[in-house]
Amino acid sequence: MMVRILIVPFWIAAAGFAEAQIYLPPNPRVERAVPVASSAEARVTVVLFNSASPGSRELADYYAKARGIPADRVVGLECPDGEEILRSEFNGSIAWPLRQIFTERGWWKLRPGQEADFEVERNTIRFLVVMRGLPLKIKADPPPPPLPTPPPIPTPYVAPRPGAIPTPRPKPTPPPSPQPMEREEASVDAELAILGVFGKPPQGLIPNPYFRSFTPFLEFNMASLMLVGRLDAATPETVRRMIDDALAVEKTGLHGAVYVDARGILSGGYQQGDLWLDAVAIDSRARGLPVLRDRVEATFRTGYPMRDAAWYYGWYDEHVSGPFLAPGFRFRRGTVACHIHSFSALTLRTGDRQWSAPLLERGAAATVGNVYEPYLDLTNHLDVFHNRLLHGFTLVEAAWMSMKGLSWMNTVLGDPLYRPCPASIESSNTKPSAPAWWEDYRRTVLKYPQSAASARKAVEKLAKPNGNGWMLEALGNWAIDDGDIDRGLADLAAARKLHRDPDNAARVLYHEVRTLQRTRTKEIAVKFLRREMPPYENSPAAPALLAVELELDPPPPPPTPTPAGSSPPKK
């Protein structure tokens, strides 16, 4: 059932709107490269850039040519060049100038509203692409200065009666703090999505009628809503690479392993995040994808050999960590990588802080993030996000299908029209990008999707003669997730022997130890690790194994020094 967006009276500072400068080329001429076949989505897309930000226009033109977006759909706005702007600046230099452009160019048709000045009756634009250079997030305007205190009115002195208790002066009441769900902060992209909602106050969020939808947005009948994605990163070169990767992978399909770094939370509010990641693993295996999942509180440790990663979902470190810190680490081309954190997209201007920008700098083509604190339930529901991508929806459709609210803290990073997976499993084109073992494993598992046990004989028949440890490693992880711990550990032990690359074998050992830690005891896990560790002591993966050993069996604290002149304690 469609949820109607609330429309309430809207106030605008007319002076701020009048001062806005708009880039409106009368006859835009863009030198076009030979595009991919212009899709139905591209024909209803507008690309936005900041005419005051160096390089923003060039990136917009590059993307428009690559996607076959008409030249007159590339629009410049002159706005502040920082990542954060005030609410009044957003209204004056972005929102209302863009509404004027939509009206003047006939992109939408307005009618008088019942609850606001205007309502959008028809909208020919369904997608907005925000280029690097436009602000990322909106902060609340500062409160107006307090009014001057009037001079006191003189009153005649009246002597107190004998024995009277003086009346204390009342203390001024502090202004109420804004409630968490009534804040004015938001991402620029989330506000642009409701550009056609005239009248929403700046505080709080509204329900997303597209949440959990399974309908292509071109068939979704809501003229006031547009889907917004952002092509932004620490450097312009990364943005161009993201565009190129999306176009290239659409021709071949996205192939590689799915890495899931859960926390093992079994109860409470934060269990929701782990349940999302559980569903990611289940959906991936239903599509024949190999999944490697960790289920302990600590994130993947530094040195963990994350090879052939095409998908990554994890949480919860503040800044990029673990395998992504290894020199030269790169995802496979076209990777979708997401890390749940309240401020994952706080800034996109550095590749070593928070998560969204670092993941993109390390080769990911797409991610989602939060510019301010969103609260877990209002971040992207990654189970929905991943499911929709696997079923052939575009990045921007999958991302907005996974958001519970509009006008909030979310941002979608990557080519919004990127479609990493074919809609049909059988239409997957696996060459030339797929790892050699990947297609054999996928086709085999698709015949036996019920459980690891049902697929075991067929997978073993392929893996053992070919000496391929990947297949048994994925099978062992699957069995462990199914609760067949002993069989899964046996699969992992066999996989470790088959892996020719010592780093891959060390990764298997890492998962064996984590499984023993979670299902047996720390002591058993440490004893097993120390027994099996010697062949990997000189491997680049050794720091990950040593970090686990130190975590499970930390050294005793150093003795407290005895103060000078005091007697040692009696034994």
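Rules and cut-offs
- Residues numbered from 1 in each chain as written.
- Predicted model: local features only at pLDDT ≥ 70, side-chain atom pairs only at ≥ 80, totals over all residues.
- Heavy atoms only, no water.
- Helix = DSSP H or I, 4+ residues; strand = E, 2+ residues; numbered from the N terminus.
- Buried < 20%, exposed > 50% of the residue type's maximum accessible area, 1.4 Å probe, protein only.
- Contact = heavy atoms within 4.5 Å.
- Areas by Shrake-Rupley, 256 points an atom, 1.4 Å probe, with all protein chains shown as cover.
- Axes fitted to C-alpha atoms, helices over the stretch in contact; angles between N-to-C directions.
- Parallel < 35°, antiparallel > 145°, perpendicular 65-115°, else oblique.
- Left-handed = near helix turned anticlockwise from the far one by under 90°.
- Nonpolar A, V, L, I, M, F, W, Y, C, P; charged D, E, K, R; others polar.
- Pairing = 2+ DSSP bridges.
- Salt bridge = Lys/Arg side-chain N within 4 Å of Asp/Glu carboxyl O.
- Phe/Tyr/Trp six-rings, centres within 6.5 Å; stacked < 30°, edge-to-face > 60°.
- Lys NZ or Arg CZ within 6 Å of the ring centre and 35° of its normal.
- Core = buried A, V, L, I, M, F, W, Y, C linked by side-chain atoms within 4.5 Å.
- pLDDT = per-residue confidence, 0-100.
- Polar contact = N/O pair within 3.5 Å; in protein donor to acceptor, adjacent residues only side chain to side chain.
- 1 Å grid on protein atoms, 1.4 Å probe; cavity = no way out; pocket = protein on both sides within 12 Å on 5 of 7 lines; lining within 4 Å.
- Points joined across faces, edges and corners; volume = space filled by probe spheres on them.

### Let's talk about the overall build of the chain
Then, in step 1: When you go through the chain residue by residue, the secondary structure sums to 16 helices and 18 strands.
Then, in step 2: Expressed as a percentage of its 571 residues, the buried residues of the chain come to 54%.
Then, in step 3: In the chain, the share of contacts with a sequence separation of at least 24, taken over all contacts with a separation of at least 6, comes to 76%.
Then, in step 4: Of the roughly 26200 Å² of accessible surface on the chain, a fraction of 57% belongs to carbon and sulfur atoms.

### Remarks on the packing of helix α6 (residues 271-286) against helix α8 (residues 382-390)
Then, in step 1: As a packed pair, α6 and α8 sit with axes 8 Å apart at the nearest point and diverge in direction by 20 degrees. Comparing their axes, α8 and α6 come out roughly parallel. α8 is crossed by α6, and the crossing has right-handed handedness. Across the interface between the two elements, W276, L277, A279, V280, D283 and S284 of α6 pack against L382, D383, H386, N387 and L390 of α8.
Then, in step 2: Taken together, the residues of the contact of α6 with α8 break down into six nonpolar, three polar and two charged.

### Focus on the sheet that holds strand β15 (residues 336-339)
Then, in step 1: Pairing within the open sheet is parallel, and its four strands lie in the order β13-β12-β14-β15. On the outer flanks of this sheet lie β13 (291-295) and β15, each paired with one strand and no other. If you compare each strand with its neighbour and ignore which way they point, the axes differ by 10 degrees on average.
Then, in step 2: Across five bridges, the pairing between strand β12 (residues 257-262) and strand β14 (residues 309-314) is parallel. Looking at the pairing, A257 lines up with A309 of β14.

### So, unusual backbone geometry
Then, in step 1: Of the consecutive residues W315 and Y316, the connecting peptide bond is found in the cis state with omega at 20 degrees.
Then, in step 2: Here Y316 is to be found in the loop between β14 and β15.
Then, in step 3: Although it is not a glycine, R212 sits at a positive phi angle of roughly 65 degrees.
Then, in step 4: In this structure, R212 sits in the loop between β10 (206-207) and β11 (227-231).
Then, in step 5: The class for R212 is partly exposed, based on a relative accessible area of 44%.

### Digging into the pattern of salt bridges
Then, in step 1: The tally for this structure, following the rule as stated, stands at 37 salt bridges.
Then, in step 2: With a shortest N-O distance of 3.2 Å, D61 and R57 are connected by a salt bridge. Taken together, the positions of D61 and R57, both in helix α2 (residues 56-67) and four residues apart, correspond to about one turn of that helix.
Then, in step 3: A relative accessible area of 16% places D61 in the buried class.
Then, in step 4: One salt bridge connects R183 with E185, and the closest N-O pair in it is separated by 3.7 Å.
Then, in step 5: Judged by relative accessible area, which is 23%, E185 ranks as partly exposed.

### Structural notes on the packing of aromatic side chains
Then, in step 1: Applying the stated criterion to the full structure yields 21 aromatic pairs.
Then, in step 2: Between the aromatic rings of F214 and F393, the centroid separation amounts to 5.1 Å while the plane-to-plane angle is 85 degrees, which identifies the pairing as edge-to-face. Of the two residues, F214 sits in the loop between β10 and β11 while F393 sits in the loop between α8 and α9 (395-401), which places them 179 residues apart along the sequence.
Then, in step 3: Counting every residue linked through ring pairs, the aromatic cluster contains W96, F102, W107, W108, F118 and F198.
Then, in step 4: One cation-aromatic arrangement involves R263 over W315; the distance from NZ or CZ to the ring centre is 4.5 Å.
Then, in step 5: The positively charged end of R507 is found above the aromatic ring belonging to W470, 4.3 Å away from the centroid.

### What to know about the sheet that holds strand β8 (residues 137-139)
Then, in step 1: As summarised here, the arrangement of the three strands in space is β4-β8-β9, forming an open sheet in which the pairing is mixed. One side of each edge strand has no neighbouring strand; the edge strands of this open sheet are β4 (84-86) and β9 (186-187).
Then, in step 2: Here β8 pairs with β9 via two bridges, running antiparallel. Bridging from a neighbouring strand, I138 pairs with A186 of β9.

### Focus on the nonpolar core
Side chains of nonpolar character tend, in soluble globular proteins, to be buried together.
Then, in step 1: Residues L192, W311, F385 and W400 are the most contacted members of the largest nonpolar core, which totals 170 residues.
Then, in step 2: Ranked by the residues each element gives to this core, the list is headed by helix α12 (residues 469-481), at eight residues.
Then, in step 3: Leaving out residues up to four positions away in the same chain, W311 has contacts with L254, A257, V258, Y259, L289, T335, V336, H386, L389, L390, P420 and C421.

### Comments concerning the confidence of the model for the chain
Then, in step 1: Chain-level pLDDT for the chain is 89 on average; 87% of the residues reach the 70-or-more range.
Then, in step 2: This model gives residues 1-35 a pLDDT under 50, and the stretch forms 74 contacts once residues within four places in sequence are excluded.

### Notes on the environment of Y210
Then, in step 1: Secondary-structure assignment places Y210 in the loop between β10 and β11.
Then, in step 2: For the pair Y210 and G405, spaced 195 residues apart in sequence, the C-alpha to C-alpha distance is 9.3 Å.
Then, in step 3: Not counting residues up to four positions away in its chain, the partners in contact with Y210 are T215, P216, F217, F220, L225, L227, E397, W400 and M401.
Then, in step 4: A polar contact is formed between the side chain of Y210 and the backbone nitrogen of F217, at a distance of 3.2 Å.

### With respect to empty space enclosed by the protein
Then, in step 1: Tallied over the entire structure, the rule returns four cavities of 30 Å³ or more.
Then, in step 2: Of the pockets and cavities examined, the second largest cavity occupies roughly 100 Å³.
Then, in step 3: Lining the second largest cavity are R293, D294, R295, V296, N477, I480, D481, H511, R514, T515 and R518.
Then, in step 4: Listing elements by their share of the lining of the second largest cavity, those giving two or more residues are β13, α12 and α14 (502-519).
Then, in step 5: In terms of residues, the lining of the second largest cavity owes the most to one element, α14, which gives four residues.
Then, in step 6: Broken down by class, the residue content of the lining of the second largest cavity amounts to two nonpolar, three polar and six charged.

### A closer look at the pairing of strand β2 (residues 45-50)
Then, in step 1: In terms of burial, β2 is a largely internal element, six of the six residues being buried.
Then, in step 2: Residue alternation in β2 divides its side chains into two sets, T45, V47 and F49 and V46, L48 and N50, and both sets are buried.
Then, in step 3: One ladder, built from four bridges, connects β2 with strand β7 (residues 127-131); its direction is parallel. Bridge pairing in β7 links V47 to V129.
Then, in step 4: In terms of strand pairing, β2 meets strand β3 (residues 74-77) through four bridges, oriented parallel. Paired with N50 across the bridge in β3 is L77.

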